[in-house]
Amino acid sequence: MSESQDVFHRMKDLPTEHLLGGGTPMCAGCGGLQAIHEIYDVLGENTVFVNAAGCMTMLANYPYTPFKGSWFYTAMASAPAGAQGVRDALDILVEKKRISKEEDLNVVVLTGDGSANGMGLSSTSGTIERNLDYLYVCYDNEGYGNTGQQTSGGTPHGAKTSTAKGELGFTGYKKDLFSIWASHKPAYLATIIGSEPLDLARKIEKTKHITGPKLVIAFSPCPTGWNYDPKESVKVGKLAVKTGVWPLKEYIDGKVIHTIKHKKRLPVEEYLKTQGRFDHLFYPERNEKILKDIQDRIDKYWETAVFT
Ligand SMILES: Cc1ncc(C[n+]2csc(CCOP(=O)(O)OP(=O)(O)O)c2C)c(N)n1
Ligand code: SF4
Ligand SMILES: [Mg+2]
């Protein structure tokens, strides 16, 4: 059993008073949960979450859910298809005056990066093509967190996961989901993070006034899968932004604009060193090749970034 799986199994054995989410097995310090909390604060209770299998499914403990609106559980591949059905049903109810416009719900897909980058991608593509009016929230913890942090399409280069345990960690590269989604020309697209709540709130507020497919990717520091102390989650998130690992940006009308500019970007090592999943890049000796590759790619990205 990998260290992250081991931690995860130990978390399950904790008494419920140590757990977030009203007794559900969410980990303390979960960056994904922080982002969803903030998003829900802006969207309000008239929201239905269409939630694909993953960590956030643990929020609901039948027959309870912390969401006051509604919650609908789907298989990993089908949350966007589920959202189509829910949106269509709500539209019919409004049209037949079975519910008032005030009772109508925001339809929000909630999935992890595993769903978003992998099995859920084709059904997302379909919803954008059909111009479905909904919001997609992908919380990106860079792995299949709920099943023990296996490598996903969101895993970054060099990270150790429970399926990439060798001395190099994951030898592939994180998919550029933002560009994949942008190529579909959605109504709105943005990256967010819970540790930058004002930037997050401004973007989510904007989605409330735009009709059509709106998609956000929330970078989600994950103490259990990334192997760090839960109390460091906000610090890890802020370092992801300050080192340029997680660019905060928006896509509107074909343009990509960055919403937070750093006076001076910090070296990526300051972020990597906070997490056990990158320990092997520093101990027993530094892997200069991988560290340089990671830094070079970040530098190259920012050479062409456009700001407001
Ligand atoms: C088709 C299918 N394969 C595997 C699983 C088992 N499974 C449940 S949650 C999960 C991980 C999902 O990863 P992600 O979408 O990134 O969400 P996270 O767990 O990280 O929150 C997996 C593999 C499943 N539910 N369905
Ligand atoms: S494994 Fe990570 S993403 Fe999942 S609940 Fe725990 S901290 Fe959150
Ligand atoms: Mg994940």
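Quick caveat, the model's predicted, so the values are computed rather than measured. Per-chain numbering applies: the sequence of each chain, read as written, is numbered from 1 onward. For naming, the first written chain is A and the first written ligand is 1, with later ones following in the order written. Only residues with pLDDT of at least 70 get local features here, since the model is predicted, and only at 80 or more are side-chain atom pairs given and counted; chain-wide, interface and lining totals rely on the full set of residues. With hydrogens and water set aside, each side-chain value is computed from the structure's full complement of heavy atoms.

Colleague: So what's going on with the nonpolar core? Residues and values would help.
Modeller: Among the nonpolar cores identified, the biggest contains 50 residues, and Val-107, Tyr-134, Tyr-136, Trp-181, Tyr-271, Leu-272 and Leu-281 are the most heavily contacted of them. Aside from chain neighbours lying at most four places away, what touches Val-107 is Val-48, Val-50, Ala-83, Val-86, Arg-87, Leu-90, Tyr-134 and Leu-135. Listed in part, the 26 residues of the second largest apolar core include Leu-33, Val-42, Leu-59 and Val-108. Here, nonpolar core refers to any group of buried Ala, Val, Leu, Ile, Met, Phe, Trp, Tyr and Cys residues whose side-chain atoms link them within 4.5 Å. Accessibility here uses a 1.4 Å probe with only protein chains present; expressed as a share of the type maximum, an area under 20% marks a residue as buried, one over 50% as exposed, and anything in between as partly exposed. Any two residues whose heavy atoms approach within 4.5 Å are treated as being in contact.

Colleague: Tell me about the packing of aromatic side chains, and name the residues and values.
Modeller: Working definition: a ring pair exists when centres of Phe, Tyr or Trp rings (six-membered ring for Trp) sit within 6.5 Å. Plane angles under 30 degrees give stacked, over 60 give edge-to-face, the rest tilted. Across all of its chains, the model carries 9 aromatic pairs by this definition. Each ring, one from Phe-219 and one from Trp-246, has its centre 4.7 Å from the other, and the planes form 25 degrees; the classification is stacked. Note that Phe-219 is positioned in strand E6 (residues 213-219) and Trp-246 in the loop between helix H9 (233-242) and strand E7 (249-252), a separation of 27 residues in sequence. Classification of Trp-246 by relative accessible area gives buried; the value is 7%. For the ring pair Tyr-301 and Trp-302, a centre distance of 5.3 Å and an interplane angle of 80 degrees mean the geometry is edge-to-face. For Trp-302, a relative accessible area of 10% corresponds to the buried category. Counting every residue linked through ring pairs, the aromatic cluster contains Tyr-40, Phe-49 and Phe-67. Counting as a charge over the ring demands two things of the Lys NZ or Arg CZ atom: a distance within 6 Å of the ring centre and an angle within 35 degrees of the ring normal. The ring of Phe-178 has Lys-249 lying over it, and the distance from NZ or CZ to the ring centre is 4.3 Å. When the ring centre of Phe-307 is taken as reference, the NZ or CZ atom of Lys-261 above it lies at 4.8 Å. A run of H or I in DSSP becomes a helix once it reaches four residues, and a run of E becomes a strand once it reaches two; helices and strands are each numbered from the N terminus.

Colleague: Give a detailed account of the site of ligand 1, specifying residues and quantitative values.
Modeller: Taken together, 16 residues surround ligand 1, and among them Cys-55, Gly-114, Tyr-139, Gly-145 and Asn-146 come closest. For the purposes of these results, a polar contact is taken to be a pair of N or O atoms within 3.5 Å, where, inside protein, one atom must be able to donate a hydrogen and its partner to accept one; residues adjacent in sequence count only when each atom of the pair is a side-chain atom. Tyr-139 has a polar side-chain atom sitting 2.7 Å from an oxygen atom of ligand 1. Protein burial of ligand 1: of its 580 Å² of free accessible surface, 72% is covered by the chains. Gly is put with the polar residues, along with every residue not named as nonpolar or charged; the nonpolar set is Ala, Val, Leu, Ile, Met, Phe, Trp, Tyr, Cys and Pro, and the charged set is Asp, Glu, Lys and Arg. Here the shell around ligand 1 is composed, by residue class, of 6 nonpolar, 9 polar and 1 charged. The near set for a molecule or strand comprises every residue that places at least one heavy atom within 4 Å of it. Here the open area of atoms and residues is found with the Shrake-Rupley method and a 1.4 Å probe, where only the protein chains shown may cover a residue.

Colleague: Describe the coordination of the magnesium ion (ligand 3), with residues and values.
Modeller: Counted as coordinating are nitrogen, oxygen and sulfur atoms within 2.8 Å of the metal, or 3.2 Å for Na, K and Ca, while water is not included, which may make sites look incomplete. The magnesium ion (ligand 3) binds to the protein through Asp-113 (OD), Asn-141 (OD1) and Gly-143 (O); the donor distances cover 2.0 to 2.2 Å. For the magnesium ion (ligand 3), the single-chain donor residues occur in sequence as D-x27-N-x1-G. By relative accessible area, which is 4% here, Gly-143 ends up buried.

Colleague: Pulling in residues and values, what's your account of the pattern of salt bridges?
Modeller: Note on definitions: salt bridges are taken to be side-chain nitrogens of Lys or Arg within 4 Å of carboxyl oxygens of Asp or Glu. Counting across every chain of the model gives 20 salt bridges. One salt bridge in this structure joins Asp-199 and Lys-203, with 2.8 Å as the shortest N-O distance. Placement of the pair is Asp-199 and Lys-203 together in helix H7 (residues 197-207), with a separation of 4 residues, close to one helical turn. For the pair shown, Asp-199 and Lys-203 are each scored as buried.

Colleague: So what's going on with the pairing of strand E8 (residues 255-258)? Which residues, and what values?
Modeller: In this description, strands pair whenever DSSP reports at least two bridges between them. Direction of pairing for E7 relative to E8: antiparallel, over a ladder of 4 bridges. Following the sheet pairing, Tyr-251 is matched in E8 by Val-256. In textbook terms, the turn of a hairpin is the stretch between consecutive antiparallel strands, and for E7 and E8 this stretch comprises 2 residues, one of which, Asp-253, has a positive phi near 50 degrees.

Colleague: Talk me through the environment of Asn-61; I want residue IDs and the actual numbers.
Modeller: If you trace the backbone, Asn-61 turns up in the loop between strand E1 (47-52) and strand E2 (70-74). Take Asn-61: its relative accessible area is 39%, and that puts it in the partly exposed class. For the pair formed by Asn-61 and Pro-25, sequence separation is 36 residues and the distance between their alpha carbons is 9.7 Å.

Colleague: Lay out the site of ligand 2 with the relevant residues and their values.
Modeller: Near ligand 2 the following residues occur: Met-26, Cys-27, Cys-30, Cys-55, Asn-141, Cys-222, Pro-223 and Thr-224. A breakdown of the residues in the shell around ligand 2 according to their chemical character gives 6 nonpolar, 2 polar and no charged.

Colleague: Residues and numbers for the confidence of the model for the chain, please.
Modeller: The pLDDT value expresses, per residue, how confident the predictor is, ranging between 0 and 100. Taken residue by residue, the chain gives an average pLDDT of 92. The fraction at 70 or more is 92%. In this model residues 1-23 is a low-confidence stretch, pLDDT under 50, and it forms 31 contacts with partners more than four residues away in sequence or in other chains.

Colleague: Describe the environment of Phe-219, naming the residues involved and giving the relevant values.
Modeller: Relative accessible area serves as the criterion here: at 0%, Phe-219 is assigned to the buried category. With 18 residues separating them in the primary sequence, Phe-219 and Gly-237 have C-alpha atoms 7.7 Å apart. If sequence neighbours within four positions are ignored, Phe-219 has contacts with Asp-140, Glu-142, Ile-192, Ile-193, Trp-226, Ala-240, Val-245, Trp-246 and Tyr-271.

Colleague: Explain the packing of helix H2 (residues 31-43) against H7 to me, and be specific about the residues and the numbers.
Modeller: The interhelical angle for the contact between H2 and H7, taken along N-to-C directions, is 45 degrees, at an axis separation of 9 Å. The orientation of H2 relative to H7 falls into the category oblique. In terms of crossing hand, the pair formed by H2 and H7 is right-handed. Along the contact surface, H2 presents Ala-35, Glu-38, Ile-39, Val-42 and Leu-43, while H7 presents Pro-197, Leu-200, Ala-201, Ile-204, Glu-205 and Thr-207. Of the residues assigned to the contact of H2 with H7, the class counts are 8 nonpolar, 1 polar and 2 charged. Helix axes are fitted only over the stretch in contact, all axes being lines through C-alpha atoms; the angle between N-to-C directions runs from 0 to 180 degrees. What sets the label is the angle itself: under 35 degrees gives roughly parallel, over 145 gives roughly antiparallel, 65 to 115 gives roughly perpendicular, and the rest give oblique. Handedness of a crossing is defined here by the sense of rotation of the near helix relative to the far one, left-handed for an anticlockwise turn of less than a right angle and right-handed for a clockwise turn.

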